[in-house]
Amino acid sequence: MEPRQLVGILLFAVGGTLFLDSAEYVMRIAFITSQNVEWFSLGSWTALISLLLVGLGLYFLLEPAIVPGRRTAN
């Protein structure tokens, strides 16, 4: 396994965990109270950043299959 794929696994795991935490936080704020709109916005930005980390992790994992001509380690 290439180092880029290991980084992809790490980014995917961190992004997924962060997304689940931020989604839970956003739902708690949205359903418990209609106040604290700035915290709701902060949770939404955290969810967006975590999805970007997940996408980058998936790219690093799948890059050898996507990019033609790139050799994988034997």
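Computed from a predicted structure; not experimentally measured.

Peer 1: Would you explain the pattern of salt bridges in this entry?
Peer 2: Once their charged atoms are close, side chains differing in charge can pair, the charge on each being opposite to the other. Throughout the structure, instances matching the rule amount to 1 salt bridge. Among the ionic pairs, glutamate 63 bridges to arginine 4, the shortest N-O distance being 2.9 Å. Within this pair, whereas glutamate 63 is found in helix α2 (residues 37–66), its partner arginine 4 is found in helix α1 (residues 3–32), the two being separated by 59 residues in sequence. Among the residues examined, glutamate 63 registers a relative accessible area of 7% and is labelled buried.

Peer 1: When you look at the side chain of glutamine 5 in this model, what are you seeing that I'm missing?
Peer 2: On the secondary structure map, glutamine 5 appears in helix α1. Setting aside chain neighbours within four positions, we find glutamine 5 in contact with Phe60, Leu61 and Pro64.

Rules used in this analysis
Residues numbered from 1 in each chain as written. Predicted model: local features only at pLDDT ≥ 70, side-chain atom pairs only at ≥ 80, totals over all residues. Heavy atoms only, no water. Salt bridge = Lys/Arg side-chain N within 4 Å of Asp/Glu carboxyl O. Helix = DSSP H or I, 4+ residues; strand = E, 2+ residues; numbered from the N terminus. Buried < 20%, exposed > 50% of the residue type's maximum accessible area, 1.4 Å probe, protein only. Contact = heavy atoms within 4.5 Å.

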